[in-house]
Amino acid sequence: MSRAWVIIKRMGRVLKFLFVCVILTVCVFMLWRIFSTGIPKDIDTLMPNEELRLAYAEKGKELAIFTQKYDEITTAEHNYGYFAVPKAVFIPELDQAQIVFRYNNSTLTSLATDYSLPAAPDREKDVFDVSLVFYIDLTPENLEDNDDIGSENIKEIRVHPDDSVSERTTLYSFYRYSFDFDDELDMQQLIDDGLLISVHAEFYYLNDLDYNESPYGALSLYHHQRSNRAVKISARDKKALTE
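Small disclaimer: the values here were computed from a predicted structure and weren't measured.

**Student:** What should I look at first to understand the pairing of strand 9 (residues 217–223) in this one?
**Tutor:** A regular strand places its side chains so that they alternate between the two faces of the sheet. With five of seven residues buried, strand 9 is to be regarded as a mostly interior element. Of the pairings in the sheet, the one linking strand 8 (residues 196–205) to strand 9 comprises six bridges and is antiparallel in character. Across the sheet, the residue bridging to Ser198 is His223, located in strand 9.

Encoded structure:
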């Protein structure tokens, strides 16, 4: 066997080894990205107030909690991939809702570009205002105007969170918000009467907070034409509700 052939075989083995290393590196990176989007345990757990604790103590697993299938990530051209709500649950009989809100580090970079800021905001600080907007049908006899958001035929009620917790990972900022809207509306009655059209989560930059203007991002978490899905209370939820 010639020396040149030996060198070629060795180079082939080296290239094969490098190729395998590149593939493994890509796979590890992809797995890391996938798992890093996972919701931290504390954020993934129900945030109970006294009313929710009492209701669970009385009804246990019979307490009705539901979610719907919805688009979890903003996809508009001006905010593509900026924001996500990977979890949203409603407890109509208590007039409560809880959502998990997520954005990544690149969202802050994009925010700096969009608002011509000298640098991206500090990711350890709160940057966004998050609220829920309930759209209520004032003309239930006419179903054709239900998509006419902003018209006099649809009433809008904005609800702000009563409590929140947050956690940062390497790539993401996570928030869990709890909303108690019994003073503003009766969700169960609105659903039963067929008057609740939809519920949107809206996100505004705190330094550009004007509810008369379009939000920086929004997601539809509930719509009367989508089916409800019962949410089972996890072991972590149960622990939080009974502590």
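**Student:** Teacher, can you tell me more about a nonpolar patch on the surface here?
**Tutor:** Taken together, Leu206, Leu209 and Tyr211 make up a surface patch of nonpolar side chains, about 230 Å² in accessible area. Tracing the chain through its elements places Leu209 in the loop between strand 8 and strand 9.

**Student:** Looking at this structure, I do not really get the nonpolar core. What am I missing?
**Tutor:** The nonpolar side chains of soluble globular proteins are, as a tendency, buried together. In terms of nonpolar packing, the biggest core is built from 38 residues, with Ile99, Phe101, Phe128, Leu132, Phe134 and Leu221 touching the most fellow members. Apart from residues no more than four positions distant in its own chain, Ile99 is found in contact with Val85, Lys87, Ala88, Val130, Leu132, Tyr175, Arg176, Tyr177, Phe179, Ala201 and Leu221. Ranked by size, the runner-up nonpolar core spans 10 residues in total, among them Leu52, Tyr56, Leu63 and Leu94.

**Student:** Before we go on, may I ask you to explain the pattern of salt bridges in this structure?
**Tutor:** Close approach of charged atoms lets side chains of opposite charge pair. Under the counting rule described, the total for this entry stands at four salt bridges. Across the pair Lys87 and Asp44 runs a salt bridge whose closest N-O atoms are separated by 2.7 Å. Of this pair, Lys87 sits in strand 2 (residues 83–91) while Asp44 sits in the loop between helix 1 (3–36) and helix 2 (50–59), placing them 43 residues apart in sequence. Using a relative accessible area of 35% as the deciding quantity, one classes Lys87 as partly exposed. Asp44 gets classed as buried once you look at its relative accessible area, which sits at 17%. Close ionic contact of Lys59 with Glu93 constitutes a salt bridge, the shortest N to O distance being 2.4 Å. Taken together, the residues span a long stretch of sequence, with Lys59 in helix 2 and Glu93 in the loop between strand 2 and strand 3 (96–104) at a distance of 34 residues. Connected through salt bridges with shared partners, the residues Asp44, Lys87 and Arg236 form a single ionic network.

**Student:** Could you clarify how one ought to interpret the pairing of strand 4 (residues 128–137) in this entry?
**Tutor:** The buried fraction of strand 4 amounts to 10 of the 10 residues, a majority that puts the element mostly inside the structure. Burial along strand 4 is two-sided: Phe128, Val130, Leu132, Phe134 and Ile136 facing one way and Asp129, Ser131, Val133, Tyr135 and Asp137 facing the other are all buried. As paired strands, strand 4 and strand 8 are joined by nine bridges and run antiparallel to one another. Across the sheet, the residue bridging to Asp129 is Tyr204, located in strand 8. As paired strands, strand 4 and strand 5 (residues 154–159) are joined by six bridges and run antiparallel to one another.

Procedures and definitions
- Residues numbered from 1 in each chain as written.
- Predicted model: local features only at pLDDT ≥ 70, side-chain atom pairs only at ≥ 80, totals over all residues.
- Heavy atoms only, no water.
- Buried < 20%, exposed > 50% of the residue type's maximum accessible area, 1.4 Å probe, protein only.
- Helix = DSSP H or I, 4+ residues; strand = E, 2+ residues; numbered from the N terminus.
- Pairing = 2+ DSSP bridges.
- Patch = residues over 30% accessible without salt bridge, like charges linked within 9 Å, V, L, I, M, F, W, Y side chains within 5 Å.
- Areas by Shrake-Rupley, 256 points an atom, 1.4 Å probe, with all protein chains shown as cover.
- Salt bridge = Lys/Arg side-chain N within 4 Å of Asp/Glu carboxyl O.
- Core = buried A, V, L, I, M, F, W, Y, C linked by side-chain atoms within 4.5 Å.
- Contact = heavy atoms within 4.5 Å.

Interpretation in functional terms is not warranted from these geometric data alone.
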